[in-house]
Amino acid sequence: VQLQASGGGLVQAGGSLRLSCAASGRTFSRYVMGWFRQAPEKEREFVAAMRWTGSGTWYSDSVNGRFTISRDNAKNTGYLQMNSLKPEDTAVYFCAAGGRIIKTSASLESAYDYWGQGTQVTVSS
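To keep things clear, this report deals only with the structure shown in the data block. Within any chain, residue numbers begin from 1 and follow the written order of that chain's sequence. Predicted model: local features are reported for residues with pLDDT of at least 70 only, side-chain atom pairs are reported and counted for 80 or more only, and whole-chain, interface and lining totals are derived from all residues. The side-chain numbers reported here are obtained from all heavy atoms of the structure, hydrogens and water having been left aside.

**Regarding unusual backbone geometry**
No. 1: Positive phi outside glycine occurs at E41, with the angle close to 65°.
No. 2: Within the element layout of this structure, E41 appears in the loop between β4 (32-38) and β5 (45-51).
No. 3: Given a relative accessible area of 87%, E41 falls into the exposed group.
No. 4: In the Ramachandran plot, S84 falls in the positive-phi region, its phi being about 50° despite a non-glycine side chain.
No. 5: Here S84 is to be found in the loop between β8 (77-82) and β9 (91-98).
No. 6: Relative accessibility decides the category of a residue: with a 1.4 Å probe and only protein chains considered, values under 20% of the type maximum give buried, values over 50% give exposed, and everything between is partly exposed. On the accessibility criterion, S84 (40% relative accessible area) is partly exposed. Strands are runs of DSSP state E lasting at least two residues, helices are runs of H or I lasting at least four, and both sets are numbered from the N terminus onward.

The structure is reproduced here in structure tokens:
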């Protein structure tokens, strides 16, 4: 199983970016996809997650209302649409997938089985 994250870049505060997470190696119909981020000298933190079926989505308080997680089943690809970006959103963003995740564990790194490489997002003020 491989996850390939892409779409990061440099954007001004208030701008938008869309991250992609291409999955290969298996179908993810029963999985949860999550996004985490790690800023310099900080621990990795949960951003958002969703059931691949679309039946549940969860967001951290810091991004709720600004970020939207989604997926394209035909492309086996997940997305993180990031709007109204702030300098504090600057981080390396990682996508992850797990097969035994419930709502209460979706924000825990340890719940995820597969991780993609990170993609850098930099928001300038």
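**Remarks on the side chain of T77**
No. 1: Structurally, the position occupied by T77 is in strand β8.
No. 2: On the accessibility criterion, T77 (9% relative accessible area) is buried.
No. 3: The term polar contact refers here to a pair of N or O atoms within 3.5 Å; inside protein, the definition further demands a hydrogen-donor-capable atom paired with an acceptor-capable atom, and it admits residues adjacent in sequence only when both atoms are side-chain atoms. At a separation of 2.9 Å, a polar atom in the side chain of T77 contacts the main-chain carbonyl oxygen of K75.
No. 4: If we ignore the near neighbours within four places in the chain, the residues touching T77 are S20, C21, A22, W52, R71 and D72. Any two residues whose heavy atoms approach within 4.5 Å are treated as being in contact.

**Here's the deal with the side chain of S60**
No. 1: Among the structural elements, S60 can be located in the loop between β6 (57-59) and β7 (67-72).
No. 2: Overall, the relative accessible area of 12% leaves S60 in the buried class.
No. 3: If near-sequence neighbours (up to four positions away) are discounted, S60 is found in contact with F46 and V47.

**Overview of the sheet that holds strand β3 (residues 17-24)**
No. 1: Pairing between strands is defined by DSSP: at least two bridges between them are needed. Strand order in the open sheet formed by 4 strands is β1-β3-β8-β7, with antiparallel pairing between adjacent strands. Strands with a single pairing partner mark the edges of an open sheet, and in this sheet they are β1 (2-6) and β7. Pairwise comparison of adjacent strand axes, ignoring direction, gives a mean angle of 15° for this sheet.
No. 2: Pairing of β3 with β8, which is carried by 6 bridges, proceeds in the antiparallel orientation. Pairing of L17 across the sheet is with M82, part of β8. Comment: axis = line fitted to C-alpha atoms, over the contacting stretch for helices; angle = value between 0 and 180 degrees taken between N-to-C directions.

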